Structures are given as C-alpha cells and as structure tokens.
Amino acid sequence: MSPRTLVFAALAIIFFVLPSLTTFLVDWRWFGEVGYQSVFLTTLTAKSLVGAGVFLIALLWLAAHLRHALNAASAAPASFTTREGFTIVLPTRDQLRPMALLAAAVAAALIAVFAASEWMTVLSWWYRTDFPAADPILGHNVAFYTFTMPLLDLARGLALALILLAAAGAGGIYVFAGELALTPFGLRMAPGVRRHGALLAAALFLVLALGAWLDQPRQLLTMSGIIQGGSYADVHARMPAALALTAASLVGFLLAIAYATGRSTWALAAGAALYVVVLVGGGLYATVIQRFVVSPNEQVRETPYIEHNIAATRAAFALDRIDDRELSGDAELTRADIERNRETIDNVRLWDHQPLLQTFGQLQVIRPYYDFISVDNDRYDINGRMRQVMLSPRELNPAALPSRTWINERLVFTHGHGLTLGPVNQVDPEGLPVLFIRDLPPISTINMPITQPSIYFGELSNEWVITRTRAREFHYPKGNDNVYADYEGRGGVQLPSFWSKLLFAIHFRSYQILLSDDITQESRLIFDRQVQTRVSKIAPFLILDEDPYAVIHDGRIYWIQDAYTVSTRYPYSAAGANRINYIRNSVKVVVDAYDGTVTLYLAEPEDPLIQTIGKIFPRLLRPLDEMPAGLRAHVRYPEGIFNLQAAMYSTYHMTNPAVFYNREDQWDVPAIDRGTGDTVRMEPYYTIMKLPGEDSAEFIQMLPFTPRRRDNLASWMVARSDPDKYGQLLVFRFPKQKLVFGPSQVVARINQDQLIAPQITLWDQQGSSVIQGTLMVIPIEESLIYVRPLYLRAQGGRIPELTRVIVAYQNQIVMEPTLEAGLSRLFGAAAGGAGSAGAVSAAGAAAAAGADAADRRADREEAPDEPEGMTALAAEAQATYERALAAQKAGDWARYGDEIRRLGEILARMRQ
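This structure is a prediction, so every number in the text was calculated from the model and none was measured.

**Topic: the overall build of the chain**
Working step 1: When helices and strands are counted, the chain shows 27 helices and 38 strands.
Working step 2: Going through the 912 residues of the chain one by one, you find that 52% of them count as buried.
Working step 3: Of the contacts formed within the chain by residues at least 6 apart in sequence, a portion of 66% connects residues at least 24 apart.
Working step 4: For the chain, the accessible surface area stands at approximately 40700 Å², while carbon and sulfur atoms represent 57% of it.

**Description of the sheet that holds strand β19 (residues 493-494)**
Working step 1: The strand order across the open sheet formed by 3 strands is β16-β20-β19, and the pairing between neighbours is antiparallel. At either end of the open sheet lies a strand with only one pairing partner, and these are β16 (465-467) and β19.

**Remarks on helix α5 (residues 142-177)**
Working step 1: Helix length check: α5 (36 residues) gives 52 Å between terminal C-alpha atoms against 52 Å at 1.5 Å per residue, within 8%.
Working step 2: At Thr148, α5 shows its largest bend, some 40 degrees, and a proline, Pro150, comes one to four positions later.
Working step 3: Near the N-terminus of α5, the side chain that reaches the backbone nitrogen of Ala143, with its oxygen 2.9 Å away, is that of Asn141.
Working step 4: Note on α5: the residue one or two positions beyond its end, Gly178, has a positive phi of about 80 degrees.

**Regarding the packing of aromatic side chains**
Working step 1: Summed over all chains, the structure comprises 38 aromatic pairs.
Working step 2: Ring geometry for Tyr637 against Tyr726: centres 6.0 Å apart, planes inclined by 50 degrees, an arrangement best described as tilted. Here the residue Tyr637 occupies a position in the loop between α18 (629-632) and α19 (639-652), and Tyr726 occupies one in the loop between β32 (715-720) and β33 (729-733), the gap between them amounting to 89 residues.
Working step 3: Of the residues examined, Tyr726 reaches a relative accessible area of 27% and is grouped as partly exposed.
Working step 4: Taken together, the ring pairs in this structure connect Phe24, Trp28, Trp30, Phe31 and Phe40 into an aromatic cluster.
Working step 5: When the ring centre of Tyr549 is taken as reference, the NZ or CZ atom of Arg636 above it lies at 3.9 Å.
Working step 6: Between the NZ or CZ atom of Arg663 and the centre of the ring of Phe660, over which it lies, the distance is 4.3 Å.

**So, the pairing of strand β22 (residues 549-553)**
Working step 1: Taking burial as the measure, the 5 residues of β22 include 5 buried ones, the bulk of the element.
Working step 2: Of the two faces of β22, the one lined by Tyr549, Val551 and His553 and the one lined by Ala550 and Ile552 are each fully buried.
Working step 3: Counted between consecutive antiparallel strands, the loop separating β22 from strand β23 (residues 556-567) contains 2 residues, among which Asp554 sits at a positive phi close to 55 degrees.

**Remarks on the nonpolar core**
Generally speaking, nonpolar side chains in soluble globular proteins are found buried as a group.
Working step 1: Judged by nonpolar contacts, the single largest core of 200 residues is most densely connected at Leu421, Phe504, Leu600, Leu620 and Ile785.
Working step 2: If near-sequence neighbours (up to four positions away) are discounted, Leu421 is found in contact with Tyr380, Val389, Met390, Leu391, Leu435, Phe436, Ile437, Ile446, Met448 and Ile552.
Working step 3: Among the nonpolar cores identified, the runner-up in size contains 26 residues, and Leu62, Ala108, Ala170 and Val193 belong to it.

**Some words on the pattern of salt bridges**
Working step 1: Evaluated as defined, the whole model comprises 40 salt bridges.
Working step 2: Here Asp27 and Lys537 are joined by a salt bridge, their closest N and O atoms 3.1 Å apart. Linking Asp27 in helix α1 (residues 3-34) with Lys537 in helix α16 (residues 531-538), this pair joins segments that are 510 residues apart in sequence.
Working step 3: Residue classification places Asp27 among the buried positions, given a relative accessible area of 17%.
Working step 4: Classification of Lys537 as partly exposed rests on a relative accessible area of 24%.
Working step 5: The partner of Glu339 in a salt bridge is Arg342, with the nearest N and O atoms 2.8 Å apart.
Working step 6: Exposure remark for Arg342: the relative accessible area of 10% places this residue in the buried category.

**Notes on the environment of Gln362**
Working step 1: Here Gln362 lies in helix α12 (residues 353-363).
Working step 2: Exposure remark for Gln362: the relative accessible area of 37% places this residue in the partly exposed category.
Working step 3: Apart from residues lying up to four places away in sequence, Gln362 is in contact with Arg798 and Ile799.

**Some points on the layout of surface pockets**
Working step 1: Its volume calculated, the second largest pocket comes out at about 630 Å³.
Working step 2: If you list the elements that add at least two residues to the lining of the second largest pocket, you get α4 (119-126), α5, β23 and α17 (608-616).
Working step 3: For the lining of the second largest pocket, the residue count by class is 12 nonpolar, 8 polar and 2 charged.

**A short note on the pairing of strand β9 (residues 376-382)**
Working step 1: In terms of burial, β9 is a largely internal element, 6 of the 7 residues being buried.
Working step 2: For β9 and strand β10 (residues 385-396), the ladder comprises 7 bridges, and the chain directions are antiparallel. Counterpart to Asp376 in the pairing with β10 is Leu391.
Working step 3: Counting the residues in the hairpin turn of β9 and β10 gives 2 residues, including Asn383, whose phi is positive at 55 degrees.

**Brief notes about the environment of Ala69**
Working step 1: Here Ala69 is to be found in helix α2 (residues 37-70).
Working step 2: By relative accessible area, Ala69 is classed as buried at 0%.
Working step 3: Residues in contact with Ala69, not counting those within four places in the same chain, are Ala170, Ile173 and Tyr174.

What counts, and where the lines are drawn
- Residues numbered from 1 in each chain as written.
- Predicted model: local features only at pLDDT ≥ 70, side-chain atom pairs only at ≥ 80, totals over all residues.
- Heavy atoms only, no water.
- Helix = DSSP H or I, 4+ residues; strand = E, 2+ residues; numbered from the N terminus.
- Buried < 20%, exposed > 50% of the residue type's maximum accessible area, 1.4 Å probe, protein only.
- Contact = heavy atoms within 4.5 Å.
- Areas by Shrake-Rupley, 256 points an atom, 1.4 Å probe, with all protein chains shown as cover.
- Pairing = 2+ DSSP bridges.
- Expected span 1.5 Å × (residues − 1).
- Bend = angle between axes of the 7 residues up to and from the residue.
- Polar contact = N/O pair within 3.5 Å; in protein donor to acceptor, adjacent residues only side chain to side chain.
- Phe/Tyr/Trp six-rings, centres within 6.5 Å; stacked < 30°, edge-to-face > 60°.
- Lys NZ or Arg CZ within 6 Å of the ring centre and 35° of its normal.
- Core = buried A, V, L, I, M, F, W, Y, C linked by side-chain atoms within 4.5 Å.
- Salt bridge = Lys/Arg side-chain N within 4 Å of Asp/Glu carboxyl O.
- 1 Å grid on protein atoms, 1.4 Å probe; cavity = no way out; pocket = protein on both sides within 12 Å on 5 of 7 lines; lining within 4 Å.
- Points joined across faces, edges and corners; volume = space filled by probe spheres on them.
- Nonpolar A, V, L, I, M, F, W, Y, C, P; charged D, E, K, R; others polar.

All we've got here are geometric facts, nothing functional implied.
Right under this line is the structure:
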C-alpha cells in the first residue's frame, strides 16, 4: 500500500470513523450512568438490523442490475480520437466492474442510513397494539393507519428509489457501451436493453399498484372539503378510482412482462397508457361527482361523513370524556357567596409570570451569574393550608461569569442554588411579592426546608462540567467570601483512567480534560444537563411539553416533565397544531435536579401508542403508583395538551351534523387588549378554586370561550389536577339567551371607565409605566367576577410593583389597592374586616404574614355589639388613611388625592 493511500485512509478514519466511534462510546457510558442502557441497546440493535438488512437488499439489487448491464460492455480495450487529435482509451468491462460495485455500495449505504433512521417505524409495526376503534368505511383498525401504513409507505419509497437508481445506473452503462442511444430517428436500444428496461418497468408498476392501493385508506387521513377524512366524493369516487388504478397497475405489470418476453411490442406502451387514462379519468370522475352530485346537496351528502369526523376527533383528542355542565347564569352574588368561596378568593393569582420574573431577577438573583428562567405555578400545603404559589429555581448562567476561564466554567461554577417561592396573591407594603423561600442559602419561613438546594440539572444548564476535582466547587456567595462544596451525588460519568479522559477530550474537543491536574480518578463528568435534552435522549419518540416545572419534595428540587404520545394518522380525526390528530399525556417524567436521575412514569396505560412503546422497551416505564406521594401531589394537567384540546373543543363541542356544517355555535378563545394597543389571545391559567357544585376547592387549569365574532362569554373549560380527580375535563356553559360579559367586553369597559382610565393614563405620564396583568375569570357559585392586577414600573426601572387590583362584576367595575378592598366595594365589607387576599398596605402585609381566616372569624366574634359592618369600615378607613400618609411622604400626590377621596367615601358610608 502506497504512502498516499495510507494518508488517505488515516484521514478517513480521523474524520469519519473516529467521531462516530467516540460518540458511540460516550453514549454508551451516558446511558449506563442514567440507567437506560437497555433502551440504548434496543435502539442500536434495531438501527443495525434495519440498516444492515436494507443495505444487503439494496446492494444485491443494484449490483445485479449493474452487473447485467456491464455484460453489454466490450471486454476488449476501446478508444476514440477527438477532433483535436487526442486518443482516449475507454475502460474495459473488467475495469468498470469494481467501480460499479463501489457505486452500488455507496448508494446502498445511503439508502440504508435513511432506512435505519426509521427504526421506530419498523419496531412499532412489529410490536403494534390494536386501538379500541376501527375506521367506519373500510373497517381497518386504527392500528393499521398508525403502525402498518407508515411501514408500507417506507417500503414503497425504498423500492421506488432502488428501481430508479437501478434504471439510472444501468442506463448509463448501456449508453457507455453503445447499446442505448438517441438518434435522429428516435431512441435506439439493443434487445437486451429492452428486456432489462421492461423488467424494471414491471417492478415500477408493482410499486405503483401498492401506492394506488394505499390511496384508498389515505383518503380517510387527508383534508377533503369541509372535514378531515373521507368525504362523499372520496368514498364514492376517489376510493373506487384508487382501486381501479391498482388494477390498471397490475395490468401494466403483466403487459411489461409480456413486452420483456418479446411477445408484443406494443404491450409496455399500452400498460403506461392504461395507467395514465385511469389516473386522469379517476380525477375527472371525482370532480364531476363533487360538482354535480355533492355541491348542490352538500349538507345532506356530507352528513354521514361529518358524523364520522366528529366522533373520531372527539375520541382522538379525548374530548368524548369531557363532562358538559349547564349554568343558569342568573345567580346574584352576595357577600355570603364570597365568604363561602374564601378558598377561591384567597388564591386569586395577582402576580403574572413576566412581572414576577423581572422582580425575581432584580431582588433574588444575588449575583450576575445566576438567572431565573421561568416561573412555575403550583400548590403546596403550607402550615396546614393549601396555598397556590409561584416558584422559580435559581440557575447558573455560565455566559454571565465575570471571568470565563476553562477552570471557572468547567470545574468551579458548576451548579445553580435554591429557588424563590411565594404566594400568588400577597405583596409587601412596597408592592413587591411576599417570599416564603428566599436568599442564599435558601431561607424558608414555612414548613418546607430546602436541604439540598444545588441545581446541576435544569432548564438552562446544558454545558458539561466536571465535579469532585481538586478545584473546589462554588456553592453560594456569603458577604465578601464564597462558600464551597463537593458534589456527593451519583450523576455524571466517572473518569478513572487516561483512556476515559482521552475519550471525552476527543468528544468535547477539550484537551484540558487530558492535561488538567485537578481531575482525579474520583472525578465525574456531567453532561446533557438540560432537562428536555436529557429526556429526549432517552425517549426521542415522545413529544415533550414546552414547560418542565420544578417541585420541592423532601427538601430536594425535582423537575416534572410532561410527555405526549401523538399521531398524525388517526382516520377521520381533524388535525390540530403540527398536524397532530391524536394525543395522549401518557408519560410523566421526573428528573432529580441534583443527581440527574430520570424516571418515566406511565400515566395513560390505556393508550395503544404507549402500550406499543412499552412492548419495545419493557424496562422504560414505571407505573404511576410508584411515584412518591410527595411528587404525585404536584402532578398537574399540562398546558400543552389542554391548549390543543381547548382549540379542538371550540369546534367539536358541536355534535349535531347540521349545526356543525353551518358552524352555528363555533367558539373562540377571547382576545383582550394588553394595555399597549395590541390584543392577545388568553392563555390557560392554573388556580385553586371551588367549582360550581363541588364541596371544596381544588387545583385546576381553566380557559374561557366566547362565541365566534362575538364578545359575550359562552362557556369555560376546566382541567382538574388533584390526584383523585386528575385528568377530568369539565365545560361549564352559559345559556345562549343570557348575556354574560366576556373578557374583551370587561377590558373595554375598564378602558372606558371615567375613574379608572384617567388614573391609568396619569400614571403612564408621570415617569412610570403601567403594566396591565392577566385578566382572570373567577367563577363564584354560578356567576363570575373578573380580576385584573395593575403593576407600576418606574421609568428606567426594572422592578414592577403591584399597585392596584381591578375587580369587575356584572355592570360594576372598581379599582382598589387590594382585591379584598375591591370585593368590599362591590359586595360590602366582610363582617370582621378585610380579608387577606392581595394585601398591599402595611396592615395587610402583617395580616398575610401571621393571620389566617380563623383568626379573622375569632375577631368578629369578640365584638358582637358593634353595628354590622362598622368594624370593617373603621379598619378600611384606617388603612386608607395610612396609605394616604405614605403617598404624601413619597410625594405621590395623585395617589394621595385618590386615597383622600376614598377615605371620604368610607366616612360617608359610616355616617349612613
């Protein structure tokens, strides 16, 4: 072997073989660390078998055709002379053979790589699980569409590619050998070329026959007219035409064979002509049926198929499980109703995610290299009372390190620290959130101590780091000094030898791993630390929800990631976002933020897709009952699937085909003004509330609906998350003849209010900006109140302060410093004074820190001789007076005037 050949071989190994080998070894070590080597082995085995099988078939097919074509080439050397006098010697048949074999091998390898990437399609078909339903036209089980059809489409595509490659390769050789040429009199071909081409055409007709046959069930998957799935024209014209085209293709196959045997010179042309005539004729026939049979009587003709579409869509999106309830819409709320729903009122979310995230970023980041990525909404038992809270983990952002050296980024600054947690409805006297857990190290004022605050795995962290090195890991800052700690978890891959270091040095292209004296045999390299990256690497066949959320359990921080099984091939089901027409929240994934342990729990055991995955990977999923109770209590219905179900239900709550056809009762998600001149559609939000007809409050997710092109409220949809009711969907409808103000109408009335609108405008012009928070629909009994918080941010400042709460009920709208004050203006003061919800004043903040509802009831009982409501009015007057003094000291004369005016109103009420 020549030196040049050795150099090329070495370069090929370095650039092609070595990266693949190192990636394989690194993945093998990583899957071993997370405990899912069996998943990796199954995946690798499936890819290898599929790739090898397709490669062998493709190589044999292509090599046979190229070898057959080479037989037509001359065995003796041939040459020709150009006009310039140059003589060119053409390669002989024996010289062309290895080049043809190499070309066949390269083409087969490319096809095999593509086929190997479809390993899940093959395994899903092999381990397929039947659905409990079949399509209503052909009678195929839904599993045929989700598992078998993808495999048949894959086989058809590969066969077509092989036929075309064989034709191109053989045709090139025939042209080179002079057996195939284009002359002024037409195409000239030798008898052997004719036979070879006819056999390839016969194979092509077989592939076309398979494709035409698959076009029958495919009609039930495609959009046609007004519905997804087979329409009248599809069932009565296109599907019979597809069957006729299948027959024409088989006839074409027989005619191609006849042409190859030389029995008829017109047979191949006749087969092709027959195929084209049937193809075009089928399309024309379907057009005629649609125009002259369906269009004049569309509603009648399409009614059976609309029924199929409605039934399939409701089943595919689990809309048939929704409990639909009617509300009277006539309920008149009283103060007693408010008090009976105190759990709902005390958990109204007054802090929006974005303002709260900005506030956390200013008050609790502590150091510039920490970052809060998102705010999560959850519920916790706090001091014996279920409270809705918002929490945000404090993650490390390596890009913000003041000194970005290799040692700092990889060995020292390795993890985030702790989190910030506070109630959704409380603020301190300065308009800032009350925090139950705060600072570094985390200080907890409630019954939830954080014993392991380190965050090595999170939403942000995706850079690799090395722990247990001689370089101490930064833990958290303390005054002018830093506190350091050693990693004691089991996450990461050990580096016990030179070869391990070399492997990862090559993989991460970091020579420092090999040369650093700080790395010992006990060191652990932690990588793939981002939660979704980590889960996707283990289970790439699952679709992940966009928002993993943090949970505190036993003093540690965990991440819960919802995962979906989806399909785009459920017959007759309408397609939602990303063409998905079947979805289940089948898996709950828990990731330990400290050691990266990943556990996948089976949440929807009846789902045929997850049952198939369970057969493929028997050790992948655990029963949901095995999830620790402390984590199970924080499982919530995910926003991604709820959004999709709500979007589909806005149309598919109509089950009457005539109503559906005319879209008489179409719903929309309301779009409201954000206060900046643009509108945005409302998003689902989590809250704790007592649903109509229920005995106690629970953690739910809800979204309102309005009729299409109208602004009044039509209904609202709820997803329940408490363990004993998890996954139940409810829709509460208002009577169509009853006007219930919708969100956009309430916002418009707020913007037109003669007291509120000028005040907001004034604040926006005094060196500050007003941020209008999320408008929340709060069902109370069988009626509604609307709540919208207002935040004030100083010009150039980044800390929004909660300054007012707007409360709307029927035709009344008020704006007060607290939610309780707003409710008092609408429904009268509580018998024992203002409640604790949304306290902004110093008195309210003190109440939020120490008092609860029982204390307030006790206070009321101690003064039975007071005139009814007088104690509450006196407390409200005192709080208003204190706010006026605070505004005077701050120089906020607009607020001072507002408070003095409100004090006068309270005194007038006391005189009455």
